[in-house]
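# A closer look at the structure
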Amino acid sequence: MDKINDAALEWDEYDHGATAFRRKELSNAVGASELGCSLYELPPGMRSWPYHYHTANEEALYVLAGEGQLRCTDGEQSLTAGDYVTLPADERGGHRVINDGDDPLRYLALSTMNEPDVTVYPEMNKFGVFVGSPPGGRAERPFHGYYRIDDETEYWDS
């Protein structure tokens, strides 16, 4: 058994305009390889990762504190402390967390750690490919990148 207390970890900070949050990678801190878990904190008025879904990894969110919105395929759903949401590994699992409350929004994000994975960002018209280590994993990847969906090519084109 490996154990870590989140107080022992420093926050990783992400700031890209309206996308700003803090994250502690709990699973990576204990060397977990099959289950991902991160603690997130979104300040009021901020958003998490751009709207996306995974094709190989199911995700779940558990809200610890605060209030916000989960933007998903069914529109926006409210989030409050104690809510648990599952996100399937297909377009039905599309999501983005939004803090429209007055206090920080804290939640756990859990996921399977399957690879290869293709992560689709429909509003950005792109997808990411992860081979050798899934999104959120830290192992070396022999192949990964982000590509425009419209850059399709024929099989025999060189």
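Notes on the structure follow.

Parameters at a glance
- Residues numbered from 1 in each chain as written.
- Predicted model: local features only at pLDDT ≥ 70, side-chain atom pairs only at ≥ 80, totals over all residues.
- Heavy atoms only, no water.
- Helix = DSSP H or I, 4+ residues; strand = E, 2+ residues; numbered from the N terminus.
- Contact = heavy atoms within 4.5 Å.
- Core = buried A, V, L, I, M, F, W, Y, C linked by side-chain atoms within 4.5 Å.
- Buried < 20%, exposed > 50% of the residue type's maximum accessible area, 1.4 Å probe, protein only.
- Pairing = 2+ DSSP bridges.
- Axes fitted to C-alpha atoms, helices over the stretch in contact; angles between N-to-C directions.

## Regarding the side chain of Ser-133
Turning to its location among the elements, Ser-133 is positioned in the loop between β12 (126-131) and β13 (143-148). With near-sequence residues (within four places) excluded, Ser-133 lies in contact with Glu-115, Arg-138, Ala-139, Glu-140 and Arg-141.

## A short note on the nonpolar core
One finds Leu-42, Leu-61, Leu-70, Leu-79, Val-97, Leu-105 and Tyr-107 to be the most contacted residues of the largest nonpolar core, which totals 14 residues. Elements with a contribution of two residues or more to this core: β3 (35-42), β5 (59-65), β6 (67-72), β8 (84-87) and β10 (105-112). It is β10 that provides the largest number of residues to this core, a total of 3 residues. Non-local contacts of Tyr-107, meaning those with residues more than four positions away in its chain, are made with Ser-38, Leu-39, Tyr-40, Leu-42, Ser-48, Leu-61, Tyr-62, Val-63, Leu-64 and Val-97. Core analysis: the next-biggest nonpolar cluster, separate from the first, contains 5 residues, Leu-9, Leu-26, Cys-37 and Leu-39 among them.

## A closer look at the sheet that holds β8
Judged by pairing direction, the sheet is antiparallel, and its 6 strands sit side by side in the order β1-β2-β3-β10-β5-β8 without closing on themselves. Each end of this open sheet is capped by a strand with a single partner; those strands are β1 (12-16) and β8. Here the strands of the sheet are splayed against their neighbours by 25° on average, with no regard to which way each runs. Pairing analysis gives 8 bridges linking β3 to β10, with the strands arranged antiparallel.

## Focus on unusual backbone geometry
Of note, the bond from Glu-115 into Pro-116 is cis; its omega dihedral lies within 30 degrees of zero at 5°. Among the secondary structure elements, Pro-116 is positioned in the loop between β10 and β11 (117-121). Phi is positive for Asn-125, close to 55°, though the residue is something other than glycine. Take Asn-125: it is sitting in the loop between β11 and β12.

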